Amino acid sequence: MQFGVLGPLAVSTDAGEPVVVPGTKVRMLLADLLAHRNRVVSADRLIDDLWGDDPPANAAGALQVRVSQLRKALNDAEPGARDLIESRPPGYLLRAVIDADRFTQIEPEAALRLWRGEPYADFADEEFCRAEATRLKEQRLVALERLAEARLERGEHDLAVADLAELVAQHPLREGLRALHLRALYAAGRPAEALDSYADLRERLAEELGLDPGPELVALHRRILRQDAGLSAPPRAAIVRNSLPARLDELVGRAEALAELRTVLPAERLVTLIGPGGVGKTRLAIEAVRSLDGVQLVELAPLPAGDEHLAEHILGTLAIRDTTGDAAERLISALRHAKTLLLDNCEHVIEPVAALVARLLRDVPGLRVLATSREPLGLAGEVLWEVPPLHLPHDDHDVDAVRRSPAARLFAARAAAQQRGFRLDARTAPAVAQLCRRLDGLPLALELAATRVRAFGVQGVLDRIELVSTRQRDVPPRQRTMTAVIGWSWDLLDPADQQVLAGLAVFADGCAPEAAERICGTDLDALGRLVDRSLVVADGGRFRLLETVAAFCLPRLLDVDGLRARHAAYYTELAELADPRLRGPDQQEWLARLDAETGNLRLALAHGGGLRLANALTWYWFLRGRFTEARRALSSGGSAAEVAAAAPWRAGFALLQGDPVASLDAALVDASPRAAWFVAQAAVDASLLPTAPDDPWTEAAVLASRAMHAHAAGDLTVLREAATRSAALFAEIGDRWGRLQANDWLGGLAEMRGEHERAAALHREGLRWAEELSLWPDVGSKLSWLAWIAVQTRDYGAARELAERAYALVVEHGAPSAVVFAELSLGIACRRSGQLDLAVAHLGGLVEAGRREPRPALYLPMVLVELGYARSEQGDPAAALRLHLEAFDVATAGGWPRDAAGALEGIASAAPSPVIAARLLGAAAAARESLDAPASPAEQDDLDEVSTRLCAALGAAAFASSVAEGRRLSPGEARALLS
């Protein structure tokens, strides 16, 4: 996908076909994301940019609609392009390289051909792109200046004068531009005009800014007055030949890195590319400076470690044979006209390199140094630019996603060079994705692996990953295997640091500093040294090893068993410390902490944590929806007390996954009130709820469960009291998960009373809490609630989009109860918007699942009624009547009077006798009034349609009379009219 902003916003496929992005707001969203490309833009910022002081009522939902429309437009044009827009808390990110990024990477003439008008012309007045547009205009002006300067140096004086005259008219106070203009006029034989131009600038500066021309311009003016002969010739080019190697193959997957690096280099005198061995520092550095003049590459890898004869080595590389005098002085003299010195592989001679570079930067003012190293030079003014591994595929089985991954693209390109028939397709993509992950996205490792594809195939290489190497004769021995690459850095460490590095291999996905200190017996200084040498990755306050480094280190660890035992003990203590904090004000912090340690917790379970650790993690697993993991861990052996403590939790997780439990009574023997509540909640059985909670948290949880059952039973009094008290207790405790549960039923109460705006506001607040805690099943449930309310208020388009988001989310996270609610909302939204086939598919599946439940499912009556309406609209009233009757019988058996009233209305819609149908409507209306549960607007639409039809069939008077007769009937008596 190609994006253009150097003029009106333009999008095209990679094949050059234009892409239509519909709607002003959607195009504005695209412009906003492009202006902040490859960075996360918060949802709040996007809403403010798109709507300003007049946001829509549901601004977050409106933004999501625009994002979905943009993703669809991109994906329709080029399959897979929807993934360019990523959902990243707290908003969205667009991965893109645009024409503006290329602008600074190519020669001025070619760059200027990309320009199609004012940047972001469609939205030039919008605040969100104003700074970016200004920056691009400045880049264009610089390119025009460079083009004019090049013409001046080539002797094309008249062309340079013409170009510069127009630019000076547009930017009369720009002194650098004016200096070029003076030089061009003088070189073209027009010194009087040059003096006039200088006088014009001097007057303007004095009048508009109260300033005088700068010293460089004053000096140029004097040279013109003296008729300096040197000005009439092109300036002496301070250029020496480049010493870069020819490009042998394409640099894959580094477009964004190159674009960023090329913006950094012109502004800095010392830039050091750092990163682990094999990450591609050398290749990236060479490509970053390839288009520059006067670049000198010096490869330092051949030098012995700590070699002090660095200046002599560089002189020899530059083919400077003069051997008289101090080597450093000779080098300084030789580099007077060089512009960029590229020093490659500095890590093993880091001290002499740092000393020499400091002197060169001091004594050669025009020199820029670009270095590659596994650790910084440590000099003042040094800009560190960490070279990241290539991005990995995010879905092994999505061929398009794998093909878009830079790591997979590099592997595929190199493999195809070795084996002509190699293709990245559905057969090879999963193995390639796994290989990329195992090799950490390191370009060298991927290229080494690609050389073995012809012999072993992709799966064979994956199975033999430890043998990854190459036989290419033009590759240095230190780069022919990953072991040699890592060994190069290992050998530079002292023995103590080697064992610290090896000890870090016992962790999974890294560790916090205190964990490394406790388990490996190290300190922050040692960790810092390893980070500086690019052997350890510091990431958000954590330290981790690349998988390739960990695989190298683990066999070199001297005390594996001892470290693993300390690892299991540390993470068991951490889980026990976290458990009570997951039910209070520190919940978000501790959820994030345990999330970061997921790999280590799983490793600790395998290395001795056992049932003690599993019991400590039960609530965390529940909050994160990891039911299968919990059941597996809780089935391991342990002491009698540990086994007894695990029993109710194991039963509860089984119920949450829809699996039967042989004996709930056995699971509840000696169960704590909190564990008993968990089982009752999972079983959706009010009779199992503990009657004497032993702490405020459990009391609040029991009240939330009672509110849920009251909602199903239509008992508004108990619902209000239980939900309100639960919310107050959870707020006092500071448990946002708990407040989220109570919020469900406060919102449900408002919806039952017909207070739909209040209900939506409550659920939006709950949605925010769930998103902040990353409780994705609860996020799905909140989206389902909002979809349900959108249905009730006739906003069927929004309802379907919300329900689709909810359904996709909860299916991904495997939360069965949330899946039911999401699919119910989706089915109803489809039915109400006339998509009957889809509605029947979703609702029919839910009916079958609900019928299989050992006891009536809470959702079954509602689903049966909706399916009945759908069948009626498909022209099958007999099937519809059977479904409505079944809904009434299930609701009555379950003790759910509100659902029974809705079922009576459904029966009325399909009843063959108009008189009986009118009586059923009367009975249903009386039932709703007694429950204080008015019909929603959407339900009222169904009732109005039935009433209109019956009134036409019976006449207004007879219809009213029959309805009045029905009002005197109980729901059961009304149902009996069709027995």
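Note that the coordinates shown come from a computational prediction; the quantities given were computed from them, not determined experimentally.

Here we look at unusual backbone geometry
One non-glycine residue, S534, adopts positive backbone phi at about 60°. Of note, V684 is a non-glycine position whose phi angle comes to about 50°, a positive value. Following the sequence through the fold, V684 ends up in the loop between α33 (673–683) and α34 (696–713). The exposure class of V684 is partly exposed, given its relative accessible area of 34%.

Regarding the side chain of T13
Here T13 is to be found in the loop between β2 (10–12) and α1 (24–35). For T13, the residues in contact, after removing those within four places along its chain, are M1, Q2, V19, A77 and E78.

A look at empty space enclosed by the protein
In the structure shown here, the tally under the stated rule is 4 cavities of 30 Å³ or more. Volume-wise, the largest cavity comes out at about 80 Å³. Contributing elements (two or more residues each) for the lining of the largest cavity: α21 (482–490) and α25 (547–553). Broken down by element, the residue count for the lining of the largest cavity peaks at 4 residues, all from α21.

Some words on the packing of helix α30 (residues 627–634) against helix α31 (residues 640–656)
The axes of two packed helices give the description: the angle between them and the distance between them. At a minimum axis separation of 9 Å, α30 and α31 run at an interaxial angle of 145°. Considering the relative orientation of α30 and α31, their crossing is left-handed. Every residue of α31 that contacts α30 at F627, A630, R631 and L634 is listed here: A646, W649, R650, F653, A654 and L656. For the contact of α30 with α31, the per-class residue count stands at 8 nonpolar, no polar and 2 charged.

Topic: a negative patch on the surface
On the surface, a cluster of negative charge is contributed by D44, D48, D53 and D54. Structurally, the position occupied by D53 is in the loop between α2 (43–51) and α3 (59–77).

Quick look at the packing of aromatic side chains
Taken as a whole and assessed by the stated rule, the structure comprises 21 aromatic pairs. Note on W619 and W697: the rings are 5.2 Å apart at their centroids and 90° apart in plane angle, and the pair reads as edge-to-face. Placement of the pair is W619 in helix α29 (residues 618–623) and W697 in helix α34, with a sequence separation of 78 residues. You'll find W619 and W697 in the same group, each marked buried. When the centroid spacing of 5.3 Å and the interplanar angle of 90° are considered together, the rings of W785 and F821 count as edge-to-face. On the criterion of sequence distance, the pair formed by W785 in helix α38 (residues 776–792) and F821 in helix α40 (residues 816–832) is long-range, its members being 36 residues apart. One aromatic cluster is present, formed by W619, F622, F627, W649, F653, W677, F678, W697, F730 and W737 through successive ring pairs. The cationic tip of R583 hangs over the ring face of W697; the distance from NZ or CZ to the ring centre is 5.1 Å.

Notes on the environment of L703
Along the chain, L703 falls in helix α34. For the pair L703 and V718, spaced 15 residues apart in sequence, the C-alpha separation works out to 9.7 Å. Excluding its chain neighbours within four sequence positions, the residues that come into contact with L703 are A722, R725, S726 and L729.

A word on helix α7 (residues 157–170)
With 14 residues, α7 ought to run about 20 Å at 1.5 Å a step, and its terminal C-alpha atoms sit 20 Å apart, in line with that. Looking at α7, one finds that the buried residues are H157, A160, V161, L164, L167 and V168. Angularly, the buried residues of α7 cover 135° about the axis, an arc narrow enough to put them on a single face. Away from its buried face by more than 90 degrees, α7 exposes D158, E166 and A169.

Considerations on the pairing of strand β5 (residues 91–94)
Pairing between strand β3 (residues 41–42) and β5: 2 bridges, direction antiparallel. Within β5, the residue paired with V41 across the bridge is Y92. Inspection of the sheet shows strand β4 (residues 85–88) paired to β5 by 4 bridges, in the antiparallel sense. Residue pairing across strands places R88 opposite G91, the latter belonging to β5. Hairpin geometry of β4 and β5 is characterised by an intervening segment of 2 residues between the two adjacent antiparallel strands.

Structural notes on the sheet that holds β4
Hydrogen bonds along the backbone pair up the strands of a sheet, which may run parallel or antiparallel. With antiparallel pairing, the 3 strands of this open sheet are ordered in space as β3-β5-β4. The outermost strands of the open sheet, each flanked by one partner alone, are β3 and β4. On the sheet, α3 packs against β4 and β5 and is oriented at approximately 150° with respect to β4.

Describing the sheet that holds strand β6 (residues 270–274)
Spatial ordering of the open sheet is given by β7-β8-β9-β6-β10, a layout of 5 strands whose pairing is parallel. The two strands at the open ends of the sheet, each matched to only one other strand, are β7 (295–299) and β10 (383–386). Going across the sheet, the axis of each strand differs from the next one's by a mean of 20°, ignoring polarity. Across the face of the sheet, helix α12 (residues 281–289) comes into contact with β6, β7, β8 (340–344), β9 (368–373) and β10 while running at roughly 160° to β9. Seen against the sheet, helix α13 (residues 310–317) touches β7 and β8 and runs at an angle of roughly 125° to β7.

Things to note about the side chain of S534
By secondary structure assignment, the location of S534 is in the loop between α24 (524–532) and β11 (537–539). Accessibility expressed as a relative area gives 10% for S534, which makes it buried. Sequence-distant contacts of S534, defined by excluding residues within four places in its chain, comprise I274, G275, P276, R374 and E375.

Concerning the pattern of salt bridges
Going through the model one piece at a time under the given rule, you end up with 51 salt bridges. Put simply, D49 and R45 hold a salt bridge, and the shortest N to O gap is 3.2 Å. Of the two residues, D49 and R45 both sit in helix α2, 4 residues apart, roughly one turn of that helix. Between D363 and R362 there is a salt bridge; the shortest N-O distance is 3.2 Å. Judged by its relative accessible area of 25%, D363 is partly exposed. What makes R362 exposed here is its relative accessible area of 57%. The network of salt bridges with common partners includes D326, E329, R359, R362 and D363.

Here we look at the confidence of the model for the protein
For the protein, the mean per-residue pLDDT works out to 86, and 95% of the residues sit at or above 70. In this model, residues 233–241 is a region of pLDDT below 50 whose contacts with residues beyond four sequence positions or in other chains number 18 contacts. Note that residues 469–476 has pLDDT below 50 and, in this model, 15 contacts with residues that lie over four places away or in other chains.

The rules we used
Residues numbered from 1 in each chain as written. Predicted model: local features only at pLDDT ≥ 70, side-chain atom pairs only at ≥ 80, totals over all residues. Heavy atoms only, no water. Helix = DSSP H or I, 4+ residues; strand = E, 2+ residues; numbered from the N terminus. Buried < 20%, exposed > 50% of the residue type's maximum accessible area, 1.4 Å probe, protein only. Contact = heavy atoms within 4.5 Å. 1 Å grid on protein atoms, 1.4 Å probe; cavity = no way out; pocket = protein on both sides within 12 Å on 5 of 7 lines; lining within 4 Å. Points joined across faces, edges and corners; volume = space filled by probe spheres on them. Axes fitted to C-alpha atoms, helices over the stretch in contact; angles between N-to-C directions. Left-handed = near helix turned anticlockwise from the far one by under 90°. Nonpolar A, V, L, I, M, F, W, Y, C, P; charged D, E, K, R; others polar. Patch = residues over 30% accessible without salt bridge, like charges linked within 9 Å, V, L, I, M, F, W, Y side chains within 5 Å. Areas by Shrake-Rupley, 256 points an atom, 1.4 Å probe, with all protein chains shown as cover. Salt bridge = Lys/Arg side-chain N within 4 Å of Asp/Glu carboxyl O. Lys, Arg positive; Asp, Glu negative; His and termini not counted. Charge placed at Lys NZ, Arg CZ, Asp CG, Glu CD. Phe/Tyr/Trp six-rings, centres within 6.5 Å; stacked < 30°, edge-to-face > 60°. Lys NZ or Arg CZ within 6 Å of the ring centre and 35° of its normal. Expected span 1.5 Å × (residues − 1). Arc of directions from axis to C-beta. Pairing = 2+ DSSP bridges. pLDDT = per-residue confidence, 0-100.

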